[in-house]
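Listed here are the chains, written in short residue letters.
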Amino acid sequence: MNWFASVDIYCERLSPAYWAEPVNALSNIAFVLAAIWAGFSAKSRGITSPAIWVLIPWAALIGVGSYLFHTHANRWSEMADVIPIWGFVAAYVLISVNRLGGVQPGKLAKIVAIGAICGFITSVFFAIGEGDTTTLAHDHTHSVDPLNGSGQYAPALIALLVLSFVMWRRQHPQRGWALGAVAVFFTSLLARTVDMSLCEAIPGGTHFMWHILNGLMVGLLLQLLIRATPAKQRI
């Protein structure tokens, strides 16, 4: 694999230049703002849980990785984008299963194994037909994948739906945060999916809304955990 091969899968990018996607790049500030919001909330509530304080800067790291991808736009920066995202998803699922579901740490290994298998199968299923995401001609008139690569986020959507459903069934006092996160994530997925198909109507595309809305979603999810965590929680 050529780690410096150019990647062009967004309307805003019309050349390999570093600053070819200024809106897509700068809109990642949403993740940093989500982390700042969470930091203030956790501090004001006296939260000392290491798990929470690991997730907060991790949220900001998602924005940093995405910024790198939308400026360098190559294979190595693509990894810098997706690794923090999926790392955050995995960590959040484990922490929420323990914190919100009452599952003890000793049982988390089985959940991790099952989740990894299901996530892998789902990702492969939705990835079929996505095709090569690299284009050298910057042809924004069509896309091989009708979902524009959004199928890869199916496992995250499923996990969020399951979390919301369980909290709703249990009438958890913080369930509103989860339901709000689901609504925001659906909207952000739509913005990501239609980006390439709306290039002629909206030259800058809609991918920047994916960043802004996902930053809001991450903020809502962090607020959920913060409010469900006792001040003296040790994990």
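Residues numbered from 1 in each chain as written. Predicted model: local features only at pLDDT ≥ 70, side-chain atom pairs only at ≥ 80, totals over all residues. Heavy atoms only, no water.

Caption draft 1: Quick peek at the overall build of the protein. When helices and strands are tallied, the protein shows 8 helices and 0 strands. Secondary structure of the protein in N-to-C order comes out as α-α-α-α-α-α-α-α. A burial count over the protein gives 47% of its 235 residues as buried. A fraction of 76% describes how many contacts in the protein between residues 6 or more apart in sequence connect residues 24 or more apart. Approximately 11800 Å² of the protein is accessible, and the part contributed by carbon and sulfur atoms is 73%. (Helix = DSSP H or I, 4+ residues; strand = E, 2+ residues; numbered from the N terminus. Buried < 20%, exposed > 50% of the residue type's maximum accessible area, 1.4 Å probe, protein only. Contact = heavy atoms within 4.5 Å. Areas by Shrake-Rupley, 256 points an atom, 1.4 Å probe, with all protein chains shown as cover.)

Caption draft 2: Expanded view of helix 8 (residues 207-227). Compared with an ideal rise of 1.5 Å per residue, which puts 21 residues at 30 Å, helix 8 spans 31 Å between its outermost C-alpha atoms and is within 8% of the ideal. Within helix 8, 16 of the 21 residues are buried, which leaves it mostly tucked inside the rest of the structure. (Expected span 1.5 Å × (residues − 1).)

Caption draft 3: Summary view of the confidence of the model for the protein. Considering every residue of the protein, the mean pLDDT works out to 86; 81% of them sit at 70 or more. This model gives residues 126-137 a pLDDT under 50, and the stretch forms 21 contacts once residues within four places in sequence are excluded. (pLDDT = per-residue confidence, 0-100.)

Caption draft 4: Examining the packing of helix 3 (residues 50-72) against helix 4 (residues 75-99) more closely. At a minimum axis separation of 8 Å, helix 3 and helix 4 run at an interaxial angle of 160°. Relative to helix 4, helix 3 is oriented roughly antiparallel. In this structure, the crossing between helix 3 and helix 4 has a hand that is left-handed. Residue composition of the contact of helix 3 with helix 4, grouped by class: 17 nonpolar, 5 polar and 3 charged. (Axes fitted to C-alpha atoms, helices over the stretch in contact; angles between N-to-C directions. Parallel < 35°, antiparallel > 145°, perpendicular 65-115°, else oblique. Left-handed = near helix turned anticlockwise from the far one by under 90°. Nonpolar A, V, L, I, M, F, W, Y, C, P; charged D, E, K, R; others polar.)

Caption draft 5: Looking closely at the packing of aromatic side chains. Following the criterion strictly, the structure yields 9 aromatic pairs and no others. Their ring planes at 15° and their centres at 6.1 Å tell us that Tyr18 and Trp19 sit as a pair that is stacked. A relative accessible area of 39% means that Tyr18 is categorised as partly exposed. A ring pair is formed by Phe165 and Trp168, whose centres lie 6.2 Å apart and whose planes are at 40°; its orientation type is tilted. One end of the pair, Phe165, and the other, Trp168, are both in helix 6 (residues 154-169), 3 residues apart, so they sit about a helical turn from each other. Cluster of aromatic residues (ring-pair linked, three or more members): Trp86, Tyr153, Phe185 and Trp210. Between Arg192 and the ring centre of Trp210, over which it is positioned, the NZ or CZ distance is 5.6 Å. (Phe/Tyr/Trp six-rings, centres within 6.5 Å; stacked < 30°, edge-to-face > 60°. Lys NZ or Arg CZ within 6 Å of the ring centre and 35° of its normal.)

Caption draft 6: View of the nonpolar core. Grouped together as the largest cluster of nonpolar side chains are 40 residues, with contacts concentrated most on Leu55, Phe88, Tyr92, Leu160, Phe185 and Met217. Those residues in contact with Tyr92, other than ones at most four positions away along the chain, are Leu55, Leu163, Leu221, Leu222, Leu224 and Leu225. (Core = buried A, V, L, I, M, F, W, Y, C linked by side-chain atoms within 4.5 Å.)

Caption draft 7: Structural view of the state of the cysteines. Enumeration according to the criterion identifies 1 disulfide in this entry. Here Cys11 engages in a disulfide with Cys199; their sulfurs sit 1.8 Å apart. Between Cys11 and Cys199, the S-S dihedral sits near -95°, and the bridge is therefore left-handed. Residue Cys11 is located in the segment before helix 1 (22-26), and its partner Cys199 is located in the loop between helix 7 (175-193) and helix 8; the two are separated by 188 residues in the primary sequence. (Disulfide = S-S within 2.5 Å.)

Caption draft 8: Quick peek at the side chain of Thr71. Here Thr71 lies in helix 3. Exposure remark for Thr71: the relative accessible area of 0% places this residue in the buried category. Polar contacts involving the side chain of Thr71 include one to the main-chain carbonyl oxygen of Leu68, which spans 3.0 Å. Contacts of Thr71, omitting those with residues within four sequence positions, involve Arg13, Ala17, Tyr18, Trp19 and Ala25. (Polar contact = N/O pair within 3.5 Å; in protein donor to acceptor, adjacent residues only side chain to side chain.)

Caption draft 9: Region of the structure containing the packing of helix 6 against helix 7. Helix 7 packs onto helix 6 with a crossing angle of 155° between their chain directions and a minimal axis gap of 9 Å. When the interaxial angle is binned, helix 6 and helix 7 end up roughly antiparallel. Classified by chirality, the crossing of helix 7 by helix 6 is left-handed. From helix 6, Ala156, Leu157, Leu160, Leu161, Ser164, Met167 and Trp168 reach across to helix 7, where they touch Arg175, Ala178, Leu179, Ala181, Val182, Phe185, Phe186 and Leu189. Tallied by class, the residues present in the contact of helix 6 with helix 7 amount to 13 nonpolar, 1 polar and 1 charged.

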